[in-house]
Amino acid sequence: MIAVGSDHGGYELKQELMEHLKKRGIEYKDYGCYNGASCDYPVYARKVAEAIVSGECDKGILICGTGIGISIAANKVKGIRAALCHDTFSAQATREHNNANILAMGARVVGPGLALKIADTFLDTEFSNDERHIRRINLIENS
Ligand code: RB5
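> Could you give an account of the site of the ligand, with specific residues and numbers?
Residues in close proximity to the ligand include Asp7, His8, Tyr41, Cys64, Gly65, Thr66, Gly69 and Arg108, which together make up its full environment. In the environment of the ligand, an oxygen atom lies 2.9 Å from a nitrogen or oxygen atom belonging to the backbone of Gly69. Coverage of the ligand by the protein chains reaches 72% of its 290 Å² of free accessible surface. A per-class count over the shell around the ligand returns two nonpolar, four polar and two charged.

The following block contains the structure:
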């Protein structure tokens, strides 16, 4: 189950993302926002982050205008590794190296075509399970 969330800046891209996930047969849960009215990105970052640390969802995708605020907010929750990615190389690398559990994107930075490719790459890439990457992730988690 994939948790998705956005503020008003990411609302439209989130709608496109959910359509895309539906077409791919990927189950998701929308944690808001639920319309394009101005709202506060930390609220939705927290909802998605808590859905992941509670085990309700496996991974998350968060979208705001830049992706910056919503990723900063999500990374405040222990156990969350939110990666801000605007290219597929980073989306692949953050899954393989960081075992990132949230992808953050900025709807004012990337177009929908690229955003969906980035989301696919993130969702389709497994963690490498390499010892050195596990060690580094543990250093993050235990700091
Ligand atoms: C909202 O205007 C904007 O600040 C927000 O979407 C995001 O870009 C914050 O980092």
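> Please set out the packing of helix H1 (residues 11-24) against helix H5 (residues 112-124) residue by residue, giving values where relevant.
Direction vectors running N to C along H1 and H5 enclose 50°, while the axes themselves pass 10 Å from each other. Put simply, H1 runs oblique to H5. For the crossing formed where H1 meets H5, the hand is right-handed. On the side of H1, the interface is formed by Leu13, Glu16, Leu17, His20, Leu21 and Arg24, while H5 contributes Pro112, Ala115, Leu116, Ala119, Asp120, Leu123 and Asp124. Taken together, the residues of the contact of H1 with H5 sort by class into eight nonpolar, one polar and four charged.

> Mind laying out helix H2 (residues 41-53), listing which residues take part and the relevant values?
For H2, which comprises 13 residues, the first-to-last C-alpha distance of 18 Å matches the rise-based estimate of 18 Å (1.5 Å per residue) to within 8%. The set of residues buried in H2 consists of Tyr44, Ala45, Val48, Ala49, Ala51 and Ile52. Axial view of H2: buried residues confined to an arc of 155°, hence all on one face. Contacts made by the buried residues of H2 are with strand E1 (2-6), strand E3 (59-64), helix H3 (68-74) and strand E5 (102-106). Backbone geometry just after H2 places Gly55 at a positive phi near 90°.

> Residues and numbers for the sheet that holds E3, please.
An order of E2-E1-E3-E5-E4 is seen for the five strands of this open sheet, with the pairing classed as parallel. Either end of the sheet is taken by a strand with one partner, and the two such strands are strand E2 (28-30) and strand E4 (82-84). In this sheet, neighbouring strand axes are inclined to one another by 20° on average, regardless of whether the strands run parallel or antiparallel. The pairing of E1 with E2 spans three bridges and is parallel. Within the sheet, the bridge partner assigned to Ala3 lies in E2 and is Lys29. The sheet contacts of H1 involve E1, E2 and E3, and relative to E1 the element is tilted by about 160°. Against the sheet, H5 makes contact with E1, E3 and E5, and its axis sits at roughly 170° relative to E5, the strand it touches most.

> I'd like a rundown of the environment of Arg46, residues and numbers included.
Considering the arrangement of structural elements, one finds Arg46 in helix H2. C-alpha separation for the pair Arg46 and Gly69, spaced 23 residues apart in sequence, amounts to 12 Å.

> With reference to specific residues and values, describe unusual backbone geometry.
Residue Cys33 is bonded to the preceding Gly32 through a cis peptide linkage, with omega at 5°. Mapped onto the elements of the fold, Cys33 is located in the loop between E2 and H2. Here Asn99, not a glycine, exhibits a phi torsion of approximately 45°, which is positive. Note that Asn99 resides in the loop between helix H4 (88-98) and E5. The phi dihedral of Asn129 falls on the positive side, at around 65°, and the residue is not glycine. You can see Asn129 is positioned in the loop between H5 and helix H6 (131-141).

What counts as what
- Residues numbered from 1 in each chain as written.
- Predicted model: local features only at pLDDT ≥ 70, side-chain atom pairs only at ≥ 80, totals over all residues.
- Heavy atoms only, no water.
- Near = heavy atom within 4 Å.
- Polar contact = N/O pair within 3.5 Å; in protein donor to acceptor, adjacent residues only side chain to side chain.
- Areas by Shrake-Rupley, 256 points an atom, 1.4 Å probe, with all protein chains shown as cover.
- Nonpolar A, V, L, I, M, F, W, Y, C, P; charged D, E, K, R; others polar.
- Axes fitted to C-alpha atoms, helices over the stretch in contact; angles between N-to-C directions.
- Helix = DSSP H or I, 4+ residues; strand = E, 2+ residues; numbered from the N terminus.
- Parallel < 35°, antiparallel > 145°, perpendicular 65-115°, else oblique.
- Left-handed = near helix turned anticlockwise from the far one by under 90°.
- Contact = heavy atoms within 4.5 Å.
- Expected span 1.5 Å × (residues − 1).
- Buried < 20%, exposed > 50% of the residue type's maximum accessible area, 1.4 Å probe, protein only.
- Arc of directions from axis to C-beta.
- Pairing = 2+ DSSP bridges.

Honestly, that's just the spatial picture; any functional story needs more than this.
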